[in-house]
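The lines below spell out each chain.
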Amino acid sequence: MNENTNINNDAVKNTVIPVRENNEERSPFKKREIIKTILIVFLAGLLLLTFFSNTIMNRSLAEVTTDKVTSGKLTERVRGGGMVQSNQAYQVNADGNYTVDTINIKKGQEVKKDDVLFILKGTGETDTKTAEDTLNDLELEYEKALLDLPTDFTEKKNDVRDARLALDKAIAQRDAAYQAQFASAQEEAQLKSDKAESKKLANKKAKLIATINAIDSDDYTEAAPEYTGNLPSLLSRSKNADTAYQAAYDLYSNAVEGGMDEGVVTAALNDANAKEAVKAQAEADYQNEKSSIRYDLSVQLADTENAIDDITSRLPEDMDSEMGESLSYEACVANVQEKQNALDDAVAALAKAQNDDVVDSKKNGLDMEAKKKKIDSAKAELEKLKKKNGTVEVKSKYDGVVSDVYVQPDETTTPDQVMAAIDLVDAGFTVEVNVSAEKAKKLKRGVKAEIINNWDGSIEAVLSDIKNSSSRDSSDKVLIFDVTGDVTSGTSIELSIPCGSANYDTIVPKSALRSGTDGKYVLVVREKNSPLGNRYYAEKVKVDELASDEISCAVNAALDRDTYLITAASKSVDPGDQVRMKDK
Amino acid sequence: MKKRIRKRYIAVAIINAAAIAAMAVLSAAGSSLASSQSWNMAAHRWGCDSSDKFTQMSCFFSDDSGFSKDEVRNLYGNIMGKLNEVSVVPEEGKKLVPQAYSAPLGKYNVKCDMVGRSEAELYAAGGDFFLFHDFRLISGAYFRDEDLMQDGAVIDKELAWSLYGSSDIAGKNIYINNVKLYIAGVIEQPSTSAEKSCMGKLPMAYVSYETAGKLAGESVSGNMSMLPVGTDDETGMSTLSDSQPSKEFRKITCYECIIPEPVENFAENTINKYFKDTYTNEVKIVNNTERFDPKKRAKQFGKLYKSVIKDDEISYPFWENSSRIVEYRLSCYYGMRRIISIIPILTGLWLIVKLFIFAKRRKGMLRKRLSDLWLKFKKMIKREKKPALPDISA
């Protein structure tokens, strides 16, 4: 086993060693090759980077578009537009039913006074027939109106009569109710008196009973003072005499028990006897008075009870029903008033109807008169149509320009139909333009506006007035322009109105203007020379804006003419950044 | 045995190099992606040469929130009041807080003086809208609030080509719903993939609030949300904007402003406090200056699922939607970077431990070497301090 192992090891050594030798032989060469290749690649890379360094750098820079600083005139403008309107115009109307035969005018055409505008043809038999029919209708209507019946007031009069009868009936009812109520008033007074008396007696009875009870119990706290007389004072005196006797008797007893002198005992005895006599007298007085008063009160109580029974027998059992009858008279009075009002209304209605009838009669009279006139007019028209030879010329009354023609050939006109509108050129044209108050502030009267959509320059517009807007809620202003030239009403024109212009030394494109913490500024392109070519840097220059129009701004800044300003950039450009100019 | 250890070290080195390279790539990609959203960089553009810090805030409102131009005045007053409290006041003639507001108007037919016509998506834009939205201008200029005539429109290149077959058409006329406007500027269409995916198929046009009012006045229903596409009259082409019945358009669905930051989070706190009570569920407030901050984005990586939940009635404009897409991507980038960074950190810790063990074993030798180095250093310093010999030739 060991031998086999050794043999195997030798074999391995024999096989491995030549390989290792081979590696050792190739290794330095291979290493050199690798290093050489790496160096070549590295140097080639460096060379490429050197060649294209500028291009690579440029690729990473922001590309900017530029514009130059200029000088010149800058005009701020307000734009607006509106419809041209004639200051004065008149309408050509048809004076009857005609057929339009010839139209001699067209929109925008200039016409002179008495120029023939339209030739109209009469409608012939049709017209005559129509006129005859109209006349017949009018006459029929007139005759019908004559047959109208007079106004009938019977109904109104019946209303008045009914109202009067109803009033009379209500008055009779009221008088009857009054009589009935007078009798019941006396009974009611008696009843009220009895009730009061009954109440009074009941009160007296209660007091008497309370006083009798008090006399019986010798306690006068609940008793009526008007019936007790001097009983409370007599009772008090009796009690006091008793107290004095008791005190004297106690003194005497003490003297006897104490073995005092005979003189003292005798004096005490005498005093006790004297006080006993007083006590007996007081008690007797009280009992006499008590008996006397109690008797009187018993008699009074019996009388009172009899009186109460007497009154109670007189009073009715259901007192409320008797009281309710007093209202009927008032109801009757109200009813009379109501009927009176109804009668007044009926009378007033009758009077109004009669007055209205008078007015209607007058109106009808006038209508009849008008109808008569219409009939006369229709007769005249019919006569005129019968006489007419068939054609009518419509002529212009003034010099002017046709602003619109409203009829077509062969169209049938109706009376007062507008056939054309003619602007009086001498009166001129105006355009109204709505603008905000802020814009209006910058404009001055008399300024001449440029008309944007007037290609041949034949129209002129001058600002003649600035007015407030007709709308209450709006603070807008209305600019009024006098328009002259080749124009007709209804033409829409667009105006560019100069607010004022001035020459400026430094004008920059609006797109170059930027804002920052320290106000407005522009980024200027500064050029620096280097061995690899020109390089461009953005430099910040502060500016003060003086004026602007749509595309440019006049500024106050330290900028030379033809300086390049950055107007746009492919990415954000900060002051000091290197940039790449688009065209360079 | 030696060979095996060396391979492990090489593997660790390769993994670390790959991790660091991946982190660098993710950082560069994130930075590039964030900077591509120039609409979130308005604060930087505004204060590019100022040492003060500014924050760009955006507020998006639901359609029925009722936020209008009047409220903008109130909010502006509130912000200025708060700044005044911390002694930040505007200099004479300079703006302290630029602000912009906008609202979508819907789809409209746009025509030109010639035969060209196209349907376009319209936005009403007011304030310093184009400071915040710096579209690349191809021709013309942006319209501004201070312009006397407010009948300018900024249209995109596609619309310009549809109408006039050219993009150099600033100053030419267009007609929207019978209202005549002039082309103030032509802009390049947004080019990033996020923006393209949010833009919609129709070309865009921006008009002033005054023009929006005129369009509202022209609309039969008077409701700006009604789309009057196809209602324009062929004969009404010459109607000028100023002659239109004007109806003030006040609706705002997006409000943006740049506020100085005298103290940290001043802007965000001020805006949040203002809207806290009145527009609780109808407004979404975004701090644009900090939204792409790597730390913030990396934190959000674990909560990405929340970004798909919509819990409000607000429809965002395309620029905000594209910013949200970028936010999502940045969260992925920076989240991944954070995860990958664990590898070099762990390697570093492992090396420190190794170094500590090595130092402990060879303490004496290291001390000797350090003292030798110190002596050499001292000698070298002494030699340098020796005075130079006088120049004999002189």
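Residues numbered from 1 in each chain as written. Chains lettered and ligands numbered in written order. Predicted model: local features only at pLDDT ≥ 70, side-chain atom pairs only at ≥ 80, totals over all residues.

**Structural notes on the overall build of chain B**
Along its length, chain B carries 12 helices and 10 strands. Each of the 394 residues in chain B was classed as buried or not, and the buried ones make up 39%. Here the contacts in chain B between residues at least 6 apart in sequence split such that 82% fall between residues at least 24 apart. (Helix = DSSP H or I, 4+ residues; strand = E, 2+ residues; numbered from the N terminus. Buried ≥ 20, exposed ≤ 12 C-beta atoms within 10 Å, placed from the backbone. Contact = placed C-beta atoms within 7 Å.)

**Quick look at the packing of helix α3 (residues 154-217) of chain A against helix α6 (residues 262-314) of chain A**
Residues and elements named next belong to chain A. Between α3 and α6, the shortest axis-to-axis distance is 9 Å and the interhelical angle comes to 155 degrees. One element, α3, and the other, α6, form an angle in the roughly antiparallel class. Between α3 and α6 lies a crossing of left-handed hand. Looking at the contact of α3 with α6, its residues break down into 12 nonpolar, six polar and eight charged. (Axes fitted to C-alpha atoms, helices over the stretch in contact; angles between N-to-C directions. Parallel < 35°, antiparallel > 145°, perpendicular 65-115°, else oblique. Left-handed = near helix turned anticlockwise from the far one by under 90°. Nonpolar A, V, L, I, M, F, W, Y, C, P; charged D, E, K, R; others polar.)

**Quick look at the interface of chain B and chain A**
Reports of interface size often rely on the accessible area that becomes lost once the parts have come together. The interface is formed by 31 residues belonging to chain B together with 32 residues belonging to chain A. Those elements that place two or more of their residues in the side of chain B that touches chain A are α2 (42-46), β4 (137-140) and β7 (179-187) of chain B. Of the residues forming the side of chain B that touches chain A, the biggest block, three residues, is contributed by β7(B). Of the residues in the side of chain B that touches chain A, the class split is 13 nonpolar, 10 polar and eight charged.

**Re the sheet that holds strand β5 (residues 110-111) of chain A**
All names here are of chain A. Strand order across the open sheet formed by four strands is β3-β9-β8-β5, with antiparallel pairing between neighbours. A strand with exactly one partner marks an edge of an open sheet, and here the two such strands are β3 (89-93) and β5. Bridge analysis of β3 against strand β9 (residues 418-423) gives five bridges, and the strand direction is antiparallel. Paired with Tyr 90 across the two strands is Ile 422, which belongs to β9. (Pairing = 2+ DSSP bridges.)

**Observations regarding unusual backbone geometry**
Residues and elements named next belong to chain A. Phi is positive for Asp 218, which is not a glycine, with a value near 55 degrees. For Asp 218, the position within the fold is in the loop between α3 and α4 (225-228). Its identity as a non-glycine residue notwithstanding, Asp 562 has a phi of 70 degrees, on the positive side. If you trace the backbone, Asp 562 turns up in the loop between β19 (552-556) and β20 (564-569).

**Side note on the pairing of strand β8 (residues 204-207) of chain B**
All names here are of chain B. Burial along β8 is two-sided: the residues Met 204 and Tyr 206 and Ala 205 and Val 207 are all buried. The sheet contact formed by strand β3 (residues 117-127) and β8 spans four bridges and is parallel. What sits directly across from Leu 122, in β8, is Ala 205. Note that strand β5 (residues 152-156) and β8 share three bridges and pair antiparallel. Counterpart to Ile 155 in the pairing with β8 is Ala 205.

**So, the nonpolar core**
In this structure, B:Ala153 and B:Ala205 are the most contacted members of the largest nonpolar core, which totals 99 residues. It is strand β2 (residues 99-112) of chain B that provides the largest number of residues to this core, a total of seven residues. Each of domain 1 (17-64 + 87-94 + 254-268 + 279-340) and domain 2 (99-249) of chain B gives at least three residues to this core. By size, the runner-up hydrophobic cluster in this structure holds 19 residues, among which are A:Phe429, A:Val433, A:Leu463 and A:Phe481. (Core = buried A, V, L, I, M, F, W, Y, C linked by C-beta atoms within 7 Å. Domains from an automatic or database assignment.)

**Things to note about the confidence of the model for chain B**
Residues and elements named next belong to chain B. Overall, the predicted model of chain B reaches an average pLDDT of 85, with 89% of residues at or above 70. Contacts for the low-pLDDT stretch residues 220-245, under 50 throughout, to residues beyond four places or in other chains number 62 contacts. Prediction confidence for the complex, expressed as pTM and ipTM, is 0.61 and 0.75 respectively. (pLDDT = per-residue confidence, 0-100.)

**Remarks on α6(A)**
All names here are of chain A. With 53 residues, α6 ought to run about 78 Å at 1.5 Å a step, and its terminal C-alpha atoms sit 78 Å apart, in line with that. Of all the positions in α6, only Ala 268, Ala 272, Lys 279, Ala 282, Tyr 286, Leu 297 and Thr 304 are classed as buried. The inward-facing, buried residues of α6 abut α3, α4 and α5 (231-257). (Expected span 1.5 Å × (residues − 1).)

**Examining the pairing of β3(B)**
Within β3(B), nine of the 11 residues are buried, which leaves the element mostly enclosed by the surrounding structure. Linking β2(B) back to β3(B) in an antiparallel pair, the connection comprises four residues.

**Brief notes about the confidence of the model for chain A**
Residues and elements named next belong to chain A. Residues at a pLDDT of 70 or more form 91% of chain A, whose mean pLDDT is 83. β19 holds the highest mean pLDDT among the elements of chain A, 91, whereas helix α7 (residues 319-324) holds the lowest, 47. Residue range residues 1-22 is modelled with pLDDT below 50. Its contacts to residues more than four positions away, or to other chains, number zero contacts. Counting contacts from residues 320-326, a segment whose pLDDT is below 50, to residues more than four positions away or on other chains yields four contacts.

**Some remarks on the sheet that holds strand β4 (residues 98-103) of chain A**
Residue and element names in this part refer to chain A. Spatially, the three strands line up as an open sheet ordered β4-β6-β7, and their pairing is antiparallel. A single partner strand is all that each edge strand has here, and the edge strands are β4 and β7 (391-395). Going from strand to strand, the sheet's axes swing by 30 degrees on average, the running direction of each strand aside. When β4 meets strand β6 (residues 116-122), the two strands line up antiparallel, connected through five bridges. Within β6, the residue paired with Tyr 98 across the bridge is Gly 122.

**Topic: the packing of α5(A) against α6(A)**
Residue and element names in this part refer to chain A. The interhelical angle for the contact between α5 and α6, taken along N-to-C directions, is 160 degrees, at an axis separation of 8 Å. By the angle between their directions, the pair α5 and α6 is classed as roughly antiparallel. As α5 runs across α6, the sense of the crossing is left-handed. Taken together, the residues of the contact of α5 with α6 sort by class into 21 nonpolar, one polar and 10 charged.

**Here's the deal with the environment of A:Asp518**
Residue position: A:Asp518 is located in the loop between β15 (514-516) and β16 (519-530). Overall, A:Asp518 belongs to the partly exposed group, with 15 C-beta atoms counted inside 10 Å. Leave out the neighbours within four places in its chain, and A:Asp518 touches A:Lys542 and B:Lys94.

**Some remarks on α3(A)**
Residues and elements named next belong to chain A. In this model α3 runs 92 Å from its N-terminal to its C-terminal C-alpha over 64 residues, within 8% of the 94 Å that 1.5 Å per residue would give. Taken as a whole, α3 has its buried residues at Val 160, Leu 167, Ala 177, Leu 201, Lys 207, Leu 208, Thr 211 and Ile 215. Looking one or two residues past α3, Asp 218 carries a phi angle of roughly 55 degrees, positive in sign.

**Examining the environment of A:Lys571**
Mapped onto the secondary structure, A:Lys571 falls in the loop between β20 and β21 (578-581). If we ignore the near neighbours within four places in the chain, the residues touching A:Lys571 are A:Ala62 and B:Ser38.

**Examining the environment of A:Val160**
Residue and element names in this part refer to chain A. In this fold, Val 160 is placed in helix α3. Between the alpha carbons of Val 160 and Ala 342 there is a distance of 8.5 Å; along the sequence they are 182 residues apart. When near neighbours in sequence (up to four residues on either side) are disregarded, Val 160 contacts Leu 343, Ala 346, Val 347 and Leu 350.

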